[in-house]
Amino acid sequence: MRHPEFQRMRVTLAIGVVGLCATAYILGAWQGTSSAIKAAPRPVYAKTQCGDTPSQTPSNASDTISIASVPSSGARLDFQAHHRVAFNESSRATEMIPPCQLKYSEYTPCHDPRRARKFPKAMMQYRERHCPTKENLLRCLIPAPPNYKNPFTWPQSRDYAWYDNIPHRELSIEKAVQNWIQVEGDKFRFPGGGTMFPHGADAYIDDIDALIPLTDGNIRTALDTGCGVASWGAFLLKRGIITMSFAPRDSHEAQVQFALERGVPAMIGVIGTERIPYPARAFDMAHCSRCLIPWNKLDGLYLLEVDRVLRPGGYWILSGPPIRWKKHYKGWQRTEEDLKQEQDEIEDLAKRLCWKKVVEKDDLAVWQKPINHMECANKRKADETPQFCNSSDVDSAWYKKMETCISPLPEVQTEEEVAGGALENWPQRALAVPPRITKGLVSGLTPEKFEEDNKLWAERVDHYKKLIPPLAKGRYRNVMDMNAGMGGFASALMEYPLWVMNVVPSGSAPDTLGVIYERGFIGTYHDWCEAFSTYPRTYDLIHADKVFSFYQDRCDITYILLEMDRILRPEGTMIFRDTVEMLLKIQAITDGMRWKSRIMDHESGPFNPEKILVAVKTYWTAEAAQKQQ
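Residues numbered from 1 in each chain as written. Predicted model: local features only at pLDDT ≥ 70, side-chain atom pairs only at ≥ 80, totals over all residues. Heavy atoms only, no water.

Draft legend 1. Structural detail: the overall build of the chain. Of the regular secondary structure elements, the chain holds 18 helices and 19 strands. Within the chain, the proportion of its 629 residues that are buried is 58%. Long-range pairs, those at least 24 residues apart, make up 71% of the contacts in the chain with a sequence separation of at least 6. Carbon and sulfur atoms make up 51% of the accessible area of the chain, which totals about 25800 Å². (Helix = DSSP H or I, 4+ residues; strand = E, 2+ residues; numbered from the N terminus. Buried < 20%, exposed > 50% of the residue type's maximum accessible area, 1.4 Å probe, protein only. Contact = heavy atoms within 4.5 Å. Areas by Shrake-Rupley, 256 points an atom, 1.4 Å probe, with all protein chains shown as cover.)

Draft legend 2. Region of the structure containing the sheet that holds strand β2 (residues 160-162). Pairing within the open sheet is antiparallel, and its three strands lie in the order β2-β4-β3. The outermost strands of the open sheet, each flanked by one partner alone, are β2 and β3 (182-184). Strand-to-strand twist across the sheet, computed as the mean angle between neighbouring axes with direction ignored, equals 30 degrees. In the sheet, β3 pairs with strand β4 (residues 187-189) via three bridges, with the strands oriented antiparallel. Bridge pairing in β4 links Glu-184 to Lys-187. (Pairing = 2+ DSSP bridges. Axes fitted to C-alpha atoms, helices over the stretch in contact; angles between N-to-C directions.)

Draft legend 3. Molecular detail of the environment of Met-564. If you trace the backbone, Met-564 turns up in helix α17 (residues 557-567). Note on Met-564: relative accessible area 0%, which makes it buried. Along the primary structure Met-564 and Trp-528 are separated by 36 residues, whereas in three dimensions their C-alpha atoms are 9.8 Å apart. If we ignore the near neighbours within four places in the chain, the residues touching Met-564 are Met-482, Ile-542, Phe-548, Met-574, Phe-576 and Trp-595.

Draft legend 4. Summary view of the pattern of salt bridges. Under the defined criterion, the tally for this structure stands at 39 salt bridges. For Asp-362, the salt bridge goes to Arg-324, with nearest N and O atoms at 3.8 Å. Residue Asp-362 is located in the loop between β10 (356-361) and β11 (364-368), and its partner Arg-324 is located in the loop between β9 (310-319) and α9 (325-328); the two are separated by 38 residues in the primary sequence. When its relative accessible area of 47% is taken as the criterion, Asp-362 is described as partly exposed. (Salt bridge = Lys/Arg side-chain N within 4 Å of Asp/Glu carboxyl O.)

Draft legend 5. Examining the nonpolar core more closely. One finds Met-285, Trp-295, Trp-316, Met-480, Phe-548 and Phe-576 to be the most contacted residues of the largest nonpolar core, which totals 136 residues. Counting only domains with at least three residues in this core, you end up with domain 1 (200-410) and domain 2 (430-617). For Phe-548, the residues in contact, after removing those within four places along its chain, are Ile-557, Ile-560, Leu-561, Met-564, Phe-576, Asp-578, Met-582 and Ile-586. (Core = buried A, V, L, I, M, F, W, Y, C linked by side-chain atoms within 4.5 Å. Domains from an automatic or database assignment.)

Draft legend 6. How the structure looks around the packing of α17 against helix α18 (residues 580-590). Orientation of α17 relative to α18, taken along the N-to-C sense of each, is 60 degrees, at an axis distance of 10 Å. As for the relative orientation of α17 and α18, their crossing is right-handed in sense. Here Ile-557, Thr-558 and Leu-561 of α17 lie close against α18, whose contacting residues are Met-582, Ile-586, Ile-589 and Thr-590. Looking at side-chain class alone, the contact of α17 with α18 contains five nonpolar, two polar and no charged residues. (Left-handed = near helix turned anticlockwise from the far one by under 90°. Nonpolar A, V, L, I, M, F, W, Y, C, P; charged D, E, K, R; others polar.)

Now the structure itself:
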């Protein structure tokens, strides 16, 4: 189908006569092939399986896969949801990547319960990230379950999800008293209940709001440890607070999957032996509602990690054991002495962290981190523990072991100065120059570059809206930026009913994730040579700006594309920005992954050697084979 020269082209980086000729040829080649692609019939894919490794194909597998995809819509890509509509289309790929077996429908490569059993349970090590080796990577497409439907749109999705998309009743039974989730016919309903908020998350948040102000814009980013189905984060959104919720895989079946299906930010994660993958001074508020983390044990290791990621002046909220133990100790099946000791030890540790207890009322206790460490350091005794860490590398959080020391804050001149710089209230915070930049704490970034970046991404998103009309119409809810830079893409999308998971590749320079959090957005560190800590089908739109140029010499980009396919919902959209040469490599692989794609002009016009590839993942589902007679 494609002329050999189309495959072998090399586009010069110079913008001139050569670049113009190459660009014109590429666009002409695309237009010349598009009608043939649309018209030529593509055979229905044969039923097949993919085994545990690329070299294994089970001979007696009990699952088979059938595929149906949405129809092509001429020269334009179709971004709408159609579910299962049959189509015919020609094949242009050299390698057709087969579907995986149905049993991999909810596969989470780095949080596989079978692999986790090989690791110690002490300190939750078995629930940390443990990724497969190269030899054990699946080279197949993760299937959607039979009868998969596109999720409800926001805000209805906060309260409802399709049962067929996450067919797990366990939580509705196990947490029936707490009212986490209910099954209603072919839907799940989320009443907003929780273990410590039986009257609903909204009422619980009102109780917090009576203790500390939640609506004046001072609190924007929150962290929820052991989040359940993330109802706390879901109901904070209407107050202008965005929460990074995390919980371990299989602590309760599919809890993080439920959160993302609802359109609520969440990740698979646990506080174990390693730092959680967020920078220092990231969150305005951290929360634990009966998360059962032993805060008073291991020399305070876990509370020291919360202290690291809390911004100066940030709050820590605790409900559940041991708070209000005099009333609840019988229900918790613990002795009064045991619970009193636990609370005393937490109170003592908080004082040694120089936290101030703001209030304890009913089931809630709130502490506040100091705005700087000047007084804390001056009054500290030589033998007092925990000591301040010797290293200033407080942002490093990708496979970095936690330490039993206090992460130092940036130095200040007076006791009234906020360490690292004061933040604007939300929403002004989003466009204000972050303190890490104004104070020169991020190498190479200046206020001028920040302003230029904001303008650049506003122009780029305006261009995306022309390429992808549904972007401005509520089609997408869960969005991921795989190489987020300073968060300009997320900033340019603020007016729409969506949220962005801003990913900063580990080891990239400069490290901008702290800047993103200071703008009031959320994100995480990640290495794209490994799988992301989420369930399949949890994002609607994925944005990849020069990700593949960054990783092409580090790992096989086919597996990065397979990972994108795993975490993208059927009929979801991908935007790639890169050189034409790299985009052609990507397109050649994704043609064998049932994606429809098209190379588009750069927003500055056809003379720019950088192009944009827009792709749509086609709809198909797995169907269980009938049992052999």
